[in-house]
Amino acid sequence: MKQDTPSVLKSEIDKIEVPQDKLDTAIQEALNKGKKQKVKTPKNKLAIYISAAAILFFSIFIGSAFVFAPVGSMASKIPYLGAVFQSSDLTDVIMKDLDKKGYKINSVSATYLPSKEVEVNIMGNDQYYNAVKIDVKKEVQQILQAKGYDSYSIKLTKYKELKNPGLTEQQQKDKKEITEAVSEKMAQKKYNFNTIEVDPFSKEVFVDLKGDISYYDDHKDLAKTAVREALGEVDHKDYKVNITNSTPIIIKKQDDIGSDITSKIGEGLLSKKEYKVTEVGYVEDPLTFNIKTSVNASDPSSKALAQKIEKEVQQLTELKNVKEKLDGKPYKVVIYSKDEEKLN
Amino acid sequence: MSFYRKAKKQRDEKAFEELLEKEKQQLYRIAFLYVKNETDALDIVQDAVYKAFINRETLIKEEYFSTWITRILINTALNFLKSKKKIVLSNEIDRLNNAENDKMDDRIDVLEAVKRLEEPYKTTIILRFYKDFTIKQIGETLDCPEGTVKTHIHRAMQKLKLDLGKEYAK
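The numbers attached to residues start from 1 for each chain and follow its sequence in the written order. Labels are handed out in written order, letters beginning with A for the chains and numbers beginning with 1 for the ligands. The model is predicted, so local features are restricted to residues of pLDDT at least 70 and side-chain atom pairs to those at 80 or more, both for listing and for counting; the totals for chains, interfaces and linings are taken over all residues.

### Thoughts on the sheet that holds strand S9 (residues 332–336) of chain A
Residues and elements named next belong to chain A. For clarity, the cut-off: Between any two strands, pairing holds if DSSP finds at least two bridges. Helix and strand definitions follow DSSP, with helices as H or I runs of at least four residues and strands as E runs of at least two, each counted in order from the N terminus. Interaxial angles span 0 to 180 degrees and are taken between N-to-C directions of axes, which are lines fitted to C-alpha atoms, for helices over the stretch in contact. A pair of residues counts as a contact when their C-beta atoms, built from backbone coordinates, are separated by no more than 7 Å.
The strand order S7-S8-S9 describes an open sheet built from 3 strands, whose pairing is mixed. The open sheet has two free edges, formed respectively by strand S7 (277–283) and S9, since each of these has just one partner strand. Strand-to-strand, the axes of this sheet are offset by a mean angle of 15 degrees, without reference to chain direction. Bridge count for S7 against strand S8 (residues 288–293) is 6 bridges, and the pairing is antiparallel. Counterpart to Val277 in the pairing with S8 is Thr293. Those strands touched by helix H11 (residues 302–317) are S8 and S9, and its axis lies near 150 degrees from that of S9.

Here is the structure:
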């Protein structure tokens, strides 16, 4: 019997019935909640929304034009950025359309990795969800068809109010205490940050630094030390410290040609490894597009890369509608190496 | 968040979901062994998945996913039981009543015996024989030396034997 128990045990445990649907719902809720983790402060929310819009946008472009194009012919399909510029935001179109038709929609998102999928998150209770899901799906299908996109699958999900993660009183107290201590310390040291997250379950602190990658690189160790200090002061040295950086690259202003063009340059160049671009920014006056790459200035290929990037941007600005927007305004393109040297 | 990182994040999320898909049933069953009811088991899975998801960067290699998430689940379940014990007294009464009923029940099987095991024996047995953890992995999960794990396994087996004796003697 001693030998038998393990195998009996295994098969016995496997006989425990699993409520498949409920389990899937529970897991989906957990994932949704996890995905929303970072979106806490209103400021951050806006920023994430914008970068999300950017990726959705790009997904369409990739889906419709480039995935099926042979790699060799890519270079000849110019202007690359021009094509990005002229596409429009699919998720926006879907969201607006469903909204207009009166459906209660929480969010629409599109992903292109690893598979192309449009996900519509529907608000309301089970009955509502079941009542409208077929119609919503049809509606989305029609939009996709109208746009000529045949590569997306459509996924409908139900919006769930998030439950309190079930912290005990002690955990809530710890969380509050640590958050306060850490934010105080960060303010005291004048480090810029977006959010501070404390997870009493895994005993971890997440601090999201505000600023570009170089700010992050310069400050991550300092910040870590500061957070550790703060933890020591409140007797929570057992917490692990994580310093992250999720500051978006582009904050869009309205009616701003620089921002309009920059966002497209960003989407286009950042999404293709060959350009080795890490950041895209712009200065309004005089209009300058700053593009940072991950190559070192000493790298023999750096000059050629800079030329390639410059050419892409130039081709974009020669497009009719971009030209109109620029209205003869002169602009400069500056490409930087990883070590901040000008490459062009 | 940079555009590139966003794409990486989406890939990570998808990979996580795929790995989870393979584990979810086992996770639920383990949770069930601890709390013995569907609602709480679902809550525990949900909680554990959430915790695992937001800490997914702490997972170094995909191969360790199963071990890693099982640990999180078990810790969640144990915490849950701890907090519940303090709050709901009537549960304890129920449990005692059930224990009495169990005794009268002839149909004592392995599963029931495992459910009745106390900590850390229950966790040790589940990890060793259901999840096939090594002694070392169990030690890491429960934060105790390997020697202790071996003792736990031995004692747990003794208890099971005692409990199942009647049944298996037949």
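### A few points about the packing of helix H6 (residues 121–130) of chain B against helix H7 (residues 135–142) of chain B
Residue and element names in this part refer to chain B. Quick note on the threshold: Small angles under 35 degrees read as roughly parallel and large ones over 145 as roughly antiparallel, with 65 to 115 read as roughly perpendicular and the rest as oblique. Handedness of a crossing is defined here by the sense of rotation of the near helix relative to the far one, left-handed for an anticlockwise turn of less than a right angle and right-handed for a clockwise turn.
One can describe the packing of H6 onto H7 by two numbers: an axis separation of 10 Å at closest approach and a directional angle of 140 degrees. With respect to their mutual orientation, H6 and H7 come out oblique. H6 and H7 meet at a crossing whose hand is right-handed. For the pair formed by H6 and H7, the contact residues are Thr123, Thr124, Leu127 and Arg128 on the first element and Ile138, Thr141 and Leu142 on the second.

### Some words on the pairing of S8(A)
As paired elements, S8(A) and S9(A) share 5 bridges and run parallel to each other. Across the sheet, Lys292(A) pairs through a bridge with Tyr336(A), a residue of S9(A).

### Notes on the environment of Val120(A)
Along the chain, Val120(A) falls in strand S2 (residues 117–122). The spatial distance from the C-alpha of Val120(A) to the C-alpha of Thr91(A) is 9.3 Å, given a sequence separation of 29 residues.

### Describing the confidence of the model for chain B
Residue and element names in this part refer to chain B. We count it as follows: The pLDDT value expresses, per residue, how confident the predictor is, ranging between 0 and 100.
Mean pLDDT over chain B works out to 77, with 76% of the residues at or above the 70 mark. Of the regions scoring below 50 in pLDDT, residues 87–93 engages in 1 contact with residues more than four places distant in sequence or in other chains. Within the model, pLDDT remains below 50 along residues 99–108, and this stretch shows 6 contacts once partners closer than five positions in the same chain are excluded. Listed scores for the predicted complex are pTM 0.38 and ipTM 0.71.

### Observations concerning the sheet that holds strand S5 (residues 204–209) of chain A
Residues and elements named next belong to chain A. Strand order in the open sheet formed by 3 strands is S4-S5-S6, and the pairing between neighbours is mixed. Looking at the sheet topology across the chains shown, the edges are occupied by strand S4 (193–199) and strand S6 (240–245). Across the sheet, the mean angle from the axis of one strand to that of its neighbour is 15 degrees, orientation sign disregarded. Pairing between S5 and S6: 6 bridges, direction parallel. Within S6, the position partnered with Val207 by the bridge is Ile243. The strands touched by helix H8 (residues 169–188) within the sheet are S4 and S5, with S4 carrying the most contacts at an inclination of about 150 degrees.

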